Amino acid sequence: MNESRLIALLHAVRAGTLDIPAATRRLKSLATHDLDFAKVDGHRALRKGFPEVIYAEGKTPAQVAAIAKQIVAHHHNLLATRADRATYRAVKRALPKARYHEVARAITVCHRPLRNRPGVIAVLCAGTTDIPVAEEAAVTAEIMGNRVVRIFDAGVAGIHRLLADRGTLEGSRVLVVVAGMEGALPSVVAGLVSRPVVAVPTSVGYGASFGGLAALLGMLNSCGSGVTVVNIDNGFGAGYAASLINHLPEKGPCPVPRRAGRAKK
């Protein structure tokens, strides 16, 4: 169930072509799809604007394919992350329009692309080794209806590479910044722009990086204002958060909730 299908169902009830009990049964049937090994959330797109995303790692190819088939049966688009080639082949047999993003290790199905929002999401990474995590963020943001610009290998060891793209940075509505090692890049970017920065620490680095913990702690202790940090190697989480930010209205009044109570005389 997504917003357009819900609207169509409500129009059918109003027109009298669908009675209320039938509409109620249809809504209930779309809430959860039980596959024994997974309960697929049929209302995720209605609540969040995009259907449930599959985390493929740890699932068998057959399980991922079955979940993907169920999601696509009720929605137009699909995203699965942390997927290998074997999983992709299983999904491809079930869904011929499936596409594999090798670097991001992601699978997408796009029957009806979401309308691109006016804003641009910039996805940056410090080094070439960080690109897989950056690509996961970029693919996530794109399938969710965002225009994405990529700036790769622009770490602080050669700061002139970053400054060469300053116009792109300033023209973006939200920036996803991916870095390993000491994780300094998000702080630098946050000091250059007046936009939200979603920082992603990666597990790239030598021994004392502790599998990304050093970058994570560095980003959490950033002195750059407006930096929000997601988990280590979580490109998906960063791309999703950036998409939500980009989908917020650019301008508009902030409604003030009314407090219940006795009116003043």
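Re the sheet that holds strand β5 (residues 99-101)
The pairing of strands in a sheet comes from backbone hydrogen bonds and takes either a parallel or an antiparallel form.
In step 1: Sheet architecture is open: 4 strands sit in the order β3-β4-β6-β5, paired in mixed fashion. At either margin of the open sheet sits one strand with a lone partner, and together these are β3 (54-55) and β5.
In step 2: Both β3 and strand β4 (residues 77-81) contribute to a ladder of 2 bridges, which runs parallel. What sits directly across from I54, in β4, is A80.

Focus: the sheet that holds strand β7 (residues 120-125)
In step 1: A sheet is described by the order of its strands in space; here 5 strands give the open sequence β8-β7-β9-β10-β11, paired in parallel fashion. Each edge of the open sheet is held by one strand with a lone partner, namely β8 (147-151) and β11 (227-229). Going from strand to strand, the sheet's axes swing by 25° on average, the running direction of each strand aside.
In step 2: With 5 bridges joining them, β7 and strand β9 (residues 174-179) adopt parallel strand pairing. Paired with C125 across the strands is V178, a residue of β9.
In step 3: Here helix α6 (residues 131-143) sits on the sheet and contacts β7, β8, β9 and β10 (197-201); the angle it forms with β8, its principal contact strand, is near 165°.

Comments concerning the nonpolar core
In step 1: I54, L78, V91, L95 and I107 are the most contacted members of the largest nonpolar core, which has 21 residues in total.
In step 2: When contributions to this core are tallied by element, the ones reaching two or more residues are α4 (61-74), β4, α5 (85-94) and β6 (106-110).
In step 3: Apart from the residues lying within four places of it in its own chain, the contact partners of I54 are K59, V64, I67, A68, I71, L78, L79, A80 and T81.
In step 4: If you look at the next biggest cluster of nonpolar residues, it comprises 19 residues, including I151, L162, L185 and V189.

As for the side chain of S222
In step 1: Turning to its location among the elements, S222 is positioned in the loop between α10 (213-220) and β11.
In step 2: Among the polar contacts listed, one links the side chain of S222 to the side chain of S187, at a separation of 2.7 Å.
In step 3: Leave out the neighbours within four places in its chain, and S222 touches S187 and V227.

Some thoughts on the environment of P186
In step 1: By the secondary structure assignment, P186 is in helix α9 (residues 185-190).
In step 2: P186 sits 38 residues away from G224 along the chain, and the two C-alpha atoms are 7.8 Å apart.

Some remarks on the packing of aromatic side chains
In step 1: Applying the stated rule across the entire model yields 2 aromatic pairs.
In step 2: With centroids separated by 5.2 Å and ring planes inclined at 25°, the aromatic side chains of Y88 and Y100 adopt a geometry described as stacked. Of this pair, Y88 sits in helix α5 while Y100 sits in strand β5, and the two are 12 residues apart along the sequence. Across the pair, Y100 and Y88 agree in class, each one buried.
In step 3: Judged by centre distance (5.6 Å) and plane angle (80°), the ring pair of F236 and Y240 falls under edge-to-face. Of this pair, F236 and Y240 are both found in helix α11 (residues 235-246), 4 residues apart, which corresponds to roughly one turn of the helix.

Topic: the pattern of salt bridges
In step 1: Tallied over the entire structure, the rule returns 7 salt bridges.
In step 2: Put simply, R85 and E102 hold a salt bridge, and the shortest N to O gap is 2.7 Å. Of this pair, R85 sits in helix α5 while E102 sits in the loop between β5 and β6; the two residues are 17 residues apart in sequence, bridging distant segments of the chain.
In step 3: For E102, a relative accessible area of 45% translates into the label partly exposed.
In step 4: The residue R150 makes a salt bridge to E142 at a minimum N-O spacing of 2.9 Å.
In step 5: With a relative accessible area of 32%, R150 lands in the partly exposed category.

Let's talk about unusual backbone geometry
In step 1: For R105, which is not glycine, the phi dihedral falls at a positive 55°.
In step 2: Note on placement: R105 falls in the loop between β5 and β6.
In step 3: We classify R105 as partly exposed; its relative accessible area is 35%.
In step 4: Backbone geometry places M181, a non-glycine residue, at a positive phi of 50°.
In step 5: Position of M181 among the secondary structure elements: in the loop between β9 and α9.
In step 6: In this structure M181 comes out as partly exposed when scored by relative accessible area, which is 41%.

Parameters at a glance
- Residues numbered from 1 in each chain as written.
- Predicted model: local features only at pLDDT ≥ 70, side-chain atom pairs only at ≥ 80, totals over all residues.
- Heavy atoms only, no water.
- Pairing = 2+ DSSP bridges.
- Helix = DSSP H or I, 4+ residues; strand = E, 2+ residues; numbered from the N terminus.
- Axes fitted to C-alpha atoms, helices over the stretch in contact; angles between N-to-C directions.
- Contact = heavy atoms within 4.5 Å.
- Core = buried A, V, L, I, M, F, W, Y, C linked by side-chain atoms within 4.5 Å.
- Buried < 20%, exposed > 50% of the residue type's maximum accessible area, 1.4 Å probe, protein only.
- Polar contact = N/O pair within 3.5 Å; in protein donor to acceptor, adjacent residues only side chain to side chain.
- Phe/Tyr/Trp six-rings, centres within 6.5 Å; stacked < 30°, edge-to-face > 60°.
- Salt bridge = Lys/Arg side-chain N within 4 Å of Asp/Glu carboxyl O.

Spatial relationships are all this shows, so hold off on functional conclusions.
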